[in-house]
Amino acid sequence: MENLLLLLMSVLLGLLLKIPNGNGDPGRGRAPDLEELRRLGIGNVVNVPLYSDAPLGSYDFVVVGAGAAGCTLAARLSENPQWSVFLIEAGGVENIMHQVPLMAPSLQTTASNWGYLSQPQRHACRGMPDNRCSLPRGKVLGGTSSINYMIYNRGNRRDFDGWASAGNPGWSYAEVLPYFLRSESAQLQGLEQSPYHNHSGPLSVEDVRYRSRLAHAHVRAAQEAGHPRTDYNGESQLGVSYVQATTLKGRRHSAFRAYIEPIRKQRRNLHILTLARATRLLIDEATKSAYGVELLHQGRRHRVRARKEVILSAGAFNSPQLLMLSGIGPADNLKAIGVPLVHALPVGKRLYDHMTFCWGGRNTFLSSIGGVETLTFLKVPRARTPSTQPDIELVQVAGSLASDEGTALAKGANFRQEIYDKMYKELALRQQDHFTFLIMHFAPASVGRLWLHNRNPLEWPRIDPKYFSAPEDVEYLLEGIKEAIRISKMPALQSIGARLLERPVPGCESLAFASDDYWRCSIRTLSYTLHHQVATCRMGPASDPTAVVSPQLRVHGMRRLRVVDTSIIPVPPTAHTNAAAFMIGEKAADMIRSDWS
Ligand SMILES: Cc1cc2nc3c(=O)[nH]c(=O)nc-3n(C[C@H](O)[C@H](O)[C@H](O)COP(=O)(O)OP(=O)(O)OC[C@H]3O[C@@H](n4cnc5c(N)ncnc54)[C@H](O)[C@@H]3O)c2cc1C
Ligand SMILES: *[C@@H]1O[C@H](CO)[C@@H](O)[C@H](O)[C@H]1NC(C)=O
């Protein structure tokens, strides 16, 4: 029955994809007919007439990228009626599909995903064509918060205390918690009185309404294995919990829905332009000041000026790209692609991500937020981090890549057809109930890089995460797999018949099934990222040679230019990264407000 429902959803997807992404082309060179735009659903979103070659005019603040951090920042800055704000977004508007949490994985096959692939990986992604992992990113109003899995997870107290002690005053846990709270409106059963949750912020955080039998069994089994029940956003992160989701009444609550939609009709000082691609910053080289942005919209080039500041919120891949296209980056890379150097900074020199291994078990079912139901935060024997900081997270997901019969999930992950056929196809054909554990390592030693291959702003940046180049990262996942197997053997999961899917991963057949070496091979083959790329515009004091932005998020050595998104996160957090993006947007708005008033 559950499989049948998923099948219907994938048929529905086929139909929905034919609906234009809410962003029809109103025709070049003529002012948009507001009625026509309204019919297409964007009349109130795009409230700037932009159809001329003249400069777009000037605003106090120009924000590039309407993602998680960018929407938050633009909404907060425009609360001041004296300030005008211009928000530029490369993608279009969300449609009904974005709002259905179960559809999350399918969004990766749509135009709402930039669709990046990693450079070929030597030590990972062996199950993908050319060893290239898929690196999705949201390209729509709401950014990645509109296509992600909606898990709400802030991070460990020690993450932020670590940022602060690395020379970033203002970023300790005690100092960032108020910004997490400011954004949150929680509806979480049993946490009504918790000092760690707010009930009146813009972003809705809820329990997932649908919980499978498996989710309950897993929570009990994890407790039987010694993991306490916890609120992973509360006092102690370690333990097991039902997932907290960024949904409102069961629908996705993206940054756009939470921050922009409720105000867009009243805020006449906030102008948003969709389907507009920023191509470079306008910089006065003598003073190293940013004074605007050049952008492409419907095949035409425009310039928009910023009287106070330009703020890049284009995400962990595109913010560094825009800096480099504008002459701010590593001198050797800029020289190689012929971009005149404005200011040398280690943009893109570091990139961290969270790697994951999918581990299949048989039993039961369906889902709400793309199938994610429970999270368990735990320590493994080899851990060197403090006892209050988890090393591994088990994400329990109802179903697997087989749940949509190979139509979107396997393609989203860029798995080779052979992997799908050998591992998953039969599950789909037999409609066997099954579930997946994603095992995620928080603090990888592998460090990746991002650079530009040429100066064409429409080309992809080159992204090489260098997954598993540090072999110890594989060992952490191996220990995580062992703990997941131990939990699956606990009475609560045994009583519903959970067992391991004994189907060797293609390429690892020669190794004894479930031996350590077998798991190491499968980790390097079924490598799966949870898309938490950070640090490409790393925050740190001017004395830190790896830092791109200051603790005030100003680009070092430049004026009137900040980066406000997940690219500033200096080290991989003990968390998924969306909640932090909202926090960064809120905190940046406060810093900018106090600087200019
Ligand atoms: C598939 C997937 C699932 C995930 N699941 C979770 C999860 O469950 N929980 C969680 O916490 N995190 C999750 N994450 C990560 C999290 O969603 C992101 O880290 C976070 O949303 C990033 O926020 P941001 O503001 O830094 O950037 P984004 O939200 O990516 O925003 C950047 C915006 O800038 C726009 N842009 C980029 N370049 C340009 C340009 N040149 N001109 C104009 N606009 C531009 C983009 O289109 C985009 O809208 C997931 C990520 C992915 C990809
Ligand atoms: C809750 O959110 C609102 C709106 O952002 C904010 O004004 C309030 O201070 C927050 N409350 C707490 C306890 O942080």
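Residues numbered from 1 in each chain as written. Chains lettered and ligands numbered in written order. Predicted model: local features only at pLDDT ≥ 70, side-chain atom pairs only at ≥ 80, totals over all residues. Heavy atoms only, no water.

Q: Please clarify how the pairing of strand β20 (residues 434–441) should be interpreted in this entry.
A: Residues in a regular strand point their side chains to alternate faces of the sheet. Within β20, eight of the eight residues are buried, which leaves it mostly tucked inside the rest of the structure. Here strand β19 (residues 392–398) runs beside β20; their pairing, made up of seven bridges, is antiparallel. Counted as the bridge partner of E393 is M440 from β20. (Buried < 20%, exposed > 50% of the residue type's maximum accessible area, 1.4 Å probe, protein only. Helix = DSSP H or I, 4+ residues; strand = E, 2+ residues; numbered from the N terminus. Pairing = 2+ DSSP bridges.)

Q: Teacher, can you tell me more about the UniProt feature "domain: Glucose-methanol-choline oxidoreductase N-terminal" (unreviewed entry) in the protein chain here?
A: Cross-referencing UniProt, the feature "domain: Glucose-methanol-choline oxidoreductase N-terminal" (unreviewed entry) maps to residues 138–161 and 315–329 in the present numbering. Counting secondary structure, residues 315–329 comes out at 73% helix and 13% strand; the distance between its end C-alpha atoms is 16 Å. (UniProt positions renumbered as here; feature names shortened; annotations may be inferred.)

Q: What should I look at first to understand the packing of helix α5 (residues 157–165) against helix α6 (residues 173–183) in this one?
A: Geometrically, a packed helix pair is captured by the angle between its two axes and the distance between the axes. Put simply, α5 and α6 touch, their axes get as near as 8 Å, and they point 120° apart. Between α5 and α6, the interaxial angle falls into the category oblique. On α6, the residues that touch R157, F160 and D161 of α5 are Y173, V176 and F180. Among the residues making up the contact of α5 with α6, the classes are represented as four nonpolar, no polar and two charged. (Axes fitted to C-alpha atoms, helices over the stretch in contact; angles between N-to-C directions. Parallel < 35°, antiparallel > 145°, perpendicular 65-115°, else oblique. Contact = heavy atoms within 4.5 Å. Nonpolar A, V, L, I, M, F, W, Y, C, P; charged D, E, K, R; others polar.)

Q: Please clarify how the site of ligand 1 should be interpreted in this entry.
A: Ligand 1 sits among 39 residues. The nearest are E89, T144, T566, T577 and N578. A distance of 3.0 Å is found between a nitrogen atom of ligand 1 and a backbone nitrogen or oxygen belonging to Y149. Summarising the interface, the protein chains cover 99% of the accessible area of ligand 1, which totals 1,000 Å² for the free molecule. When residues of the shell around ligand 1 are traced back to their parent elements, those giving at least two are α3 (68–77), β12 (276–284), α9 (315–325) and α16 (578–596). Of the residues that constitute the shell around ligand 1, the class distribution is 17 nonpolar, 17 polar and five charged. (Near = heavy atom within 4 Å. Polar contact = N/O pair within 3.5 Å; in protein donor to acceptor, adjacent residues only side chain to side chain. Areas by Shrake-Rupley, 256 points an atom, 1.4 Å probe, with all protein chains shown as cover.)

Q: How should the UniProt feature "binding site: FAD" (unreviewed entry) in the protein chain be read in this particular structure?
A: Those places that UniProt annotates as "binding site: FAD" (unreviewed entry) correspond, in this numbering, to V140 and T144. Examined against the element boundaries, V140 turns out to sit in the loop between β4 (134–135) and α5. Setting aside residues up to four positions removed in sequence, V140 forms contacts with A66, E89, G91, G92, V93, E94, H98, S112 and S146. When you line up the elements, T144 lands in the loop between β4 and α5. Judged by its relative accessible area of 24%, T144 is partly exposed. The residues touching T144, leaving out its near neighbours within four places in the chain, are R137 and G138.

Q: Please explain helix α7 (residues 213–224) as it appears in this structure.
A: End to end, α7 covers 17 Å across 12 residues, agreeing with the expected 16 Å (1.5 Å per residue, within 8%). Looking only at α7, the buried set comprises L214, A215, A217, H218, V219, A221 and A222. Considering only its buried residues, α7 is in contact with β7 (239–242), β18 (372–378), β19, β20, α13 (472–488) and α14 (491–494). Looking one or two residues past α7, G226 carries a phi angle of roughly 105°, positive in sign. (Expected span 1.5 Å × (residues − 1).)

Q: So what exactly am I meant to see when it comes to the site of ligand 2 here?
A: Ligand 2 sits among R76, L181, R182, N198, S200 and G201. The side chain of R76 places a nitrogen or oxygen atom 3.3 Å from an oxygen atom of ligand 2. In this structure, an oxygen atom belonging to ligand 2 sits 2.7 Å away from a main-chain N or O atom of R182. Protein chains bury 51% of the 360 Å² of accessible surface belonging to ligand 2 in isolation.

Q: Sorry, what's going on with the sheet that holds strand β6 (residues 203–207) here?
A: Across a sheet, paired strands are connected by hydrogen bonds in the backbone, their directions being either parallel or antiparallel. In space, the three strands of this open sheet follow the order β5-β6-β8, with mixed pairing throughout. The open sheet is flanked by β5 (184–187) and β8 (244–245), the only strands paired with a single partner. Sheet analysis places β5 next to β6, joined by four bridges and oriented parallel. Counted as the bridge partner of S185 is S204 from β6.

Q: What am I meant to see in the state of the cysteines here?
A: Here a disulfide denotes one covalent bond, and it connects the sulfur atoms of two cysteines. If you walk through the whole model with that rule in mind, you get two disulfides. The disulfide that involves C125 links it to C133, with 2.2 Å between the sulfurs. Here the S-S torsion is close to -100°, and the disulfide linking C125 with C133 is therefore left-handed. No difference in accessibility class separates C125 from C133, as the two residues are buried. Here C508 engages in a disulfide with C521; their sulfurs sit 2.0 Å apart. Between C508 and C521, the S-S dihedral sits near -80°, and the bridge is therefore left-handed. Within this pair, whereas C508 is found in the loop between β23 (499–500) and α15 (516–525), its partner C521 is found in helix α15, the two being separated by 13 residues in sequence. The exposure class of C521 is buried, given its relative accessible area of 16%. (Disulfide = S-S within 2.5 Å.)

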